[in-house]
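Secondary and tertiary structure notes
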Amino acid sequence: MIPTTPYWNPLLETMPREKLSELQLAKLKRVVRWGYERSKLYRRLYEEAGFHPEELKGWEDIAKVPMISKEHYRQAQAKEPWPYGEALCVPLEEVTEYHQTSGTTGQPVYQPDTWQDWEWWSECWSYILWAMGFRPTDRVFLPFGYNVFVAFWAGHYAAEKLGCEVVAGGILNTEERLLKIKELRATALMGTPTYMLNMAETCQKKLGFPARELGIKKIICAGEPGASVEGTKKRIGEAWGAEVFDHVGATEVGGWAYECTHHPGGVHVNEAMFLVELVDVQTNAPIEEPGKMGKIVLTAFDRQAQPCIRFDTKDLGMWAEDQCTCGRTFAVLKGGVLGRADHLTKVKGVLFSPLAVEEVVRALPELGDEYELVVTKKGEVDEIILKVELLPAYEAQKERVREELARQLRLKTNLNYLLEFHPPGSLPRYEQKAKRFKDLRPHA
Amino acid sequence: MPDPNLKEAASLIQNLRAAAIRLRELTEIPAVVRNAERILASVRMLELNVNEALAVLEGEESLARVG
């Protein structure tokens, strides 16, 4: 019999906030002690900062715990035992899983997991999938290349744990994947927002029918902020005729946030498994009030091999004002991840977030799904080039669309752009994380 | 207050842990040792979901170790 509860674990997901806070503090103390006692990286980091785990008595002490970054991991992993070095908290022979970060910001970080960690990964993802309505009756198709990147590996294992039937669409190409979805009558999909749009486009162009005819009911997106961008979410939903959910995770952290079926306009933080702090981008001062953007700092409470404790993600977020109507007491990050602190850059003296451009592009029905942003310098002046694809049906209205696009961009970003219209299908397509923002200015 | 059956669940989870640890110690047969190890990983997830949640809901001060 399939349980009827909407919660994977009501004990934790509906726990009163003051109890949740007690649980989090106890878990934080435990993992800080674990890192200090088990890893040379954390011990050195803490000793250099003059911090000892015994000093962490209450929430007021949290700022004493030094933050950790990818660079700390990279340096620690240059040492023995290869390849995890001084970041490792367990004997090497207890490691059963290897993954790595994509390396878009430098040398990839290697991520070891014990079997218990791997169980934990799928446990965290089970919270995600159950909240999105995945049930044992679902046949879940995973159209991603199973490889060294953690991507949807844990989604696969969690779907199995829930009792779903899981189809690994690994090395198939996009057309083959679409045909397999059709043949097996899959009901749910997981992928990056970019690839979900790419698949829908391929379905229409190469197979000659709309993706919505495939019968997919649920799509879980991750890897990019897109599924929390209203225009992108709507496009994916309409293209597939499916309910679209956002989820947030990271290789070093785990799957830490998810959207429920009540769609709260953001993602619930799994506060039983993770601590999410928002801090000021410049000063690292804590941000507790809703509506104020800050940098996301994450702690995974229960990971053994290489725990992340106050990990500076450089992602941006803001707390929602209201609790979700779903009954979960877990806090909500409004709009999911709102971009990257290292993409938040000044252009023509104005603070600029590339994600704001996606909101504009994807909200205009005359434009295709893809776009590219290039910031460059002409003489002493910054210049932003926005490349978009105009759909053929609107070719005759190009100037009207150009004016509307420019107007919306000014409204949302306070900046003027050089707009380039490219033929449909000519801008790069991506399967995993898209790289649409390029800052080519000499200092960048 | 949480479902009273959960107290029994928490107790059974601790019995499972004790049984899996004992199983792991009883023999060197890899088929037993490694499967017991896997059971312990699942038991840990049960502890995170039930025992630790109950500990906080019922006001116990300390939580189990990591790992």
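For clarity, every value in this text was computed on a predicted model and none was experimentally measured. (Residues numbered from 1 in each chain as written. Chains lettered and ligands numbered in written order. Predicted model: local features only at pLDDT ≥ 70, side-chain atom pairs only at ≥ 80, totals over all residues. Heavy atoms only, no water.)

Notes on the packing of aromatic side chains
Just so we agree on the cut-off: Pairing of aromatic rings covers Phe, Tyr and Trp, the last counted by its six-membered ring, and requires centre-to-centre distances within 6.5 Å; plane angles under 30 degrees mean stacked, over 60 mean edge-to-face, and any other angle means tilted. Burial classification: accessible surface area is computed with a 1.4 Å probe over protein chains only, and a residue below 20% of its type maximum counts as buried, one above 50% as exposed, and the rest as partly exposed. Counted as over-ring charges are cases with an Arg CZ or a Lys NZ within 6 Å of the ring centre that also lie within 35 degrees of the ring normal.
Tallying each qualifying case throughout the model produces 16 aromatic pairs over all chains. Where Phe144(A) meets Phe152(A), the ring centres are 5.7 Å apart and the plane angle is 65 degrees; that geometry is what we call edge-to-face. Across the pair, exposure class does not vary: Phe144(A) and Phe152(A) are buried alike. In this structure an aromatic cluster arises from ring pairing among Trp118(A), Trp120(A), Trp121(A), Tyr157(A) and Phe274(A). Sitting above the plane of the Tyr36(A) ring, Arg43(A) keeps its charged end 4.1 Å from the centroid. A cation over an aromatic ring shows up here: Arg38(B) above the ring of Trp115(A), its NZ or CZ 3.6 Å from the ring centre.

Regarding helix α6 (residues 153-162) of chain A
Because each turn of an α-helix spans 3.6 residues, side chains separated by three or four positions end up pointing in the same direction. Residue and element names in this part refer to chain A. As a reminder of what qualifies: The way it works is that DSSP assigns letters per residue, a run of H or I at least four long becomes a helix, a run of E at least two long becomes a strand, and they are numbered from the N terminus. The contact definition used throughout considers only heavy atoms, calling two residues in contact when any of these lie within 4.5 Å.
Those residues of α6 lying buried are Ala154, Gly155, His156, Ala158, Ala159 and Leu162. Buried residues in α6 make contact with α5 (115-131), β3 (139-142), β4 (165-168) and β5 (188-191). Glycine 163 occupies a position one or two residues after α6 and carries a positive phi of about 105 degrees.

Remarks on unusual backbone geometry
Residue and element names in this part refer to chain A. Here the amide bond leading from glutamate 80 into proline 81 is cis, since omega sits at -5 degrees, within 30 degrees of zero. Along the chain, proline 81 turns up in the loop between α4 (70-77) and β1 (95-100). Omega for the peptide link from tryptophan 82 to proline 83 comes to 0 degrees, which places this bond in the cis form. A positive phi angle, near 30 degrees, is found at alanine 151, a position not held by glycine. One can find alanine 151 in the loop between β3 and α6. Residue classification places alanine 151 among the partly exposed residues on the basis of a relative accessible area of 29%.

Purely geometric stuff here, so don't read any function into it on its own.
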